[in-house]
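Descriptive analysis of the structure
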Amino acid sequence: MSTIIVFLDLEEGHSLPIFKLLRGLKERNHRVCCLGLSHIGDSVRRQGFEFIPIIDDVLPKENLNQEHLLANYARNGLRDMYFESLVRGEVLDRIMAELKPDLGIFICHYYLEALAVHFRYKLPTVFFVPIFRAGSRQQASEMIVEAVMDLKSGAVELLQLLAESGVRVKSLNDVAQLVLQMPELMVLPQALDLPDRAADSGMYYIGAGVDVERKEEPFDWTGISSAKPLVYCSLGSQNHMTSEISRRFLQLVIDSAATLPDKQFIVSIGKQFEATDFRNVPANVRLSQWVPQLEILRRADLMINHAGFGAIKECVLMGTPMLAFPLRPERDHDECAKRVVYHGLGLQGNVLDISADELTSMITRVLEDQSFKQRVDLMREKFIEQDRVDIGVQVIEDLIEVSPRPDMFHSTNFFSGSAFLTS
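The residue count restarts for each chain, going from 1 along the sequence in the order it is written. Totals for whole chains, interfaces and linings use all residues, but because this is a predicted model, local features are given only for residues with pLDDT of at least 70 and pairs of side-chain atoms are given and counted only at 80 or more. Values reported for side chains reflect all heavy atoms of the structure, with hydrogen atoms and water molecules removed beforehand.

Tallying secondary structure elements over the protein gives 18 helices and 13 strands in all. Partly exposed residues are those whose accessible area sits between 20% and 50% of the maximum for their type, while under 20% is buried and over 50% is exposed, using a 1.4 Å probe and protein chains only. Counting every position in the protein, which comprises 423 residues, the buried fraction comes to 56%. For this analysis, residues touch if any pair of their heavy atoms sits within 4.5 Å. Of the contacts formed within the protein by residues at least 6 apart in sequence, a portion of 71% connects residues at least 24 apart. Only runs of H or I of at least four residues qualify as helices and only runs of E of at least two qualify as strands under DSSP, and these elements are numbered from the N terminus.

Set out below in structure tokens:
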């Protein structure tokens, strides 16, 4: 049995897609231990995985709770607070010595953190990609150059660590190339993509990555009739980053629902909003700060979403057509929405430029035109055919097998020696 550590993202929507892979690893008798900010601990443990909070100790102590951190600091802002401590070992030395892991899995947002851990602890490393990536791995790796230059502290320490590990760095581009030597697991069924994607060395497609058996808190269905069409709206786990845009759009959904009294609406408003933040809520609308999305989608006839990668895949697997309104086009939302439209799984709208009447028309069209539902069901069949989490498990097991760990945890040369690089 091997011990595998998993570095999770601060946003729940980026961590959910990894649980199916982790279940596959547990079924192979590997020990899986997740690391991350303490606020995601409950959701991880609910899925049956070990969880160890990290980084919390080096974050500001001036009464900043987790919700405040998420609402006021971008991922890079948090990185500035802990990265130097991570490179120096202050964050992980004790945990690594206790767990003695055989491999680390990093969500792809954390290339820099992965390099620090990989070289400090000589840990074989695999990346997990929970977002839709239209470009190549090479293009993604080049973001490291900007990330290093943006660091307020820890860049010098990282370069020193690389030098001590025998890595010659002539430019920051050399740092970017290091991640290309580590495999990446993409949670993308190829059927959902456009047909012109080129092959990408080191990238393995493992299917949708949606754990349809994941454990969620139950939902109170009182007052929701099975005889009426159900429309579900959620803008995902990132709508705190676009708070005013999100509030305005959610109000527009509520206003549209008022013109459709024969339909039912469940609207997830997010933890940053209260029901009292919205006006004129009609009787056919249920507002909630959080809902169990898979449970709702199993009964929903339509989802209005933010074109998030995870939401789109979950809609397909639950057989739910959608209206996609890209909330953050600078991320992957535009690319995801393009694929919704290309495959006829729903319609795309502009979150900044739509009226309640226009939204009502879109809702009515998708609910009444059964071809959307039919195409979603066909795509669902392809998703099931292309569910290859076993490929991800095999990539990980092969890497562990060919990468015996040095007994560094009891060695005086704990941080010395040439670095292991996958090929």
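Moving on, we come to the packing of aromatic side chains. Centres within 6.5 Å are what make two rings of Phe, Tyr or Trp a pair, Trp counting through its six-membered ring; a difference in plane orientation under 30 degrees is then read as stacked, over 60 as edge-to-face, and the rest as tilted. One pass over the structure, following the stated rule, counts 7 aromatic pairs. Residues F273 and F278 carry aromatic rings whose centres are separated by 5.7 Å and whose planes lie at 75° to one another, so their mutual orientation is edge-to-face. Using a relative accessible area of 5% as the deciding quantity, one classes F273 as buried. By definition here, charges over rings are those cases where NZ of Lys or CZ of Arg is within 6 Å of the ring centre and within 35 degrees of the ring normal. Over the face of the ring belonging to W221 we find R299, whose NZ or CZ atom lies 3.8 Å from the ring centre. Above the plane of the ring of F372 lies R375, whose end atom (NZ or CZ) is 5.2 Å from the centre.

All of the buried residues in helix α9 (residues 143–150) are I144, V145, A147 and V148. When α9 is viewed along its axis, its buried side chains cluster within an angular range of 165° and face the same direction. Residues of α9 that are exposed and point over 90 degrees away from its buried face: M143, E146 and M149. Working definition: the arc comes from the directions between the helix axis and the C-beta atoms, pointing outward to the latter.

Bringing the sheet that holds strand β7 (residues 203–205) into the picture now. As summarised here, the arrangement of the 7 strands in space is β3-β2-β1-β4-β5-β6-β7, forming an open sheet in which the pairing is parallel. A single partner strand is all that each edge strand has here, and the edge strands are β3 (50–53) and β7. Put simply, the sheet's adjacent strands are angled 25° from each other on average, direction ignored. Strand pairing is assigned whenever DSSP detects at least two bridges linking the two strands. With 3 bridges joining them, strand β6 (residues 184–186) and β7 adopt parallel strand pairing. Each axis is a line fitted through C-alpha atoms, taken for helices only over the stretch in contact, and angles between the N-to-C directions span 0 to 180 degrees.

Relative to the elements of secondary structure, S43 occurs in helix α3 (residues 41–46). For S43, a relative accessible area of 11% puts it in the buried group. The definition of a polar contact used here is a pair of N or O atoms within 3.5 Å, where within protein one atom must be able to donate a hydrogen and the other to accept one, and adjacent residues in sequence count solely through side-chain atom pairs. At 2.8 Å, the side chain of S43 forms a polar contact with the backbone oxygen of I40. Aside from chain neighbours lying at most four places away, what touches S43 is E12 and F19.

With that settled, consider the pattern of salt bridges. Salt bridge, as used here, is a side-chain nitrogen of Lys or Arg placed within 4 Å of a carboxyl oxygen of Asp or Glu. According to the stated counting rule, one finds 23 salt bridges in the structure shown. Of the charged contacts in the structure, one is a salt bridge between E50 and R31, with a shortest N-O distance of 2.8 Å. Residue E50 is located in strand β3, and its partner R31 is located in strand β2 (residues 31–36); the two are separated by 19 residues in the primary sequence. Owing to a relative accessible area of 33%, E50 belongs among the partly exposed residues under this scheme. Look at R31 and you get partly exposed, because its relative accessible area is 27%. With a closest N to O distance of 3.3 Å, E98 and R94 form a salt bridge. A residue pair is termed a helical-turn pair when its members lie 3 or 4 positions apart in one helix, as E98 and R94 do in helix α6 (residues 93–99) at 4 residues. By relative accessible area, which is 54% here, E98 ends up exposed.

One can describe the packing of helix α14 (residues 309–318) onto helix α17 (residues 370–385) by two numbers: an axis separation of 7 Å at closest approach and a directional angle of 100°. For the element pair α14 / α17, the angle class is roughly perpendicular. The residues of α17 that touch α14, namely those facing K313, C315, V316 and L317, are V376, M379, R380, F383 and I384. A per-class count over the contact of α14 with α17 returns 7 nonpolar, no polar and 2 charged. Oblique is the label for every angle not falling under 35 degrees (roughly parallel), over 145 degrees (roughly antiparallel), or within 65 to 115 degrees (roughly perpendicular). Only Asp, Glu, Lys and Arg are considered charged in this grouping, and only Ala, Val, Leu, Ile, Met, Phe, Trp, Tyr, Cys and Pro are considered nonpolar; every other residue, Gly among them, is considered polar.

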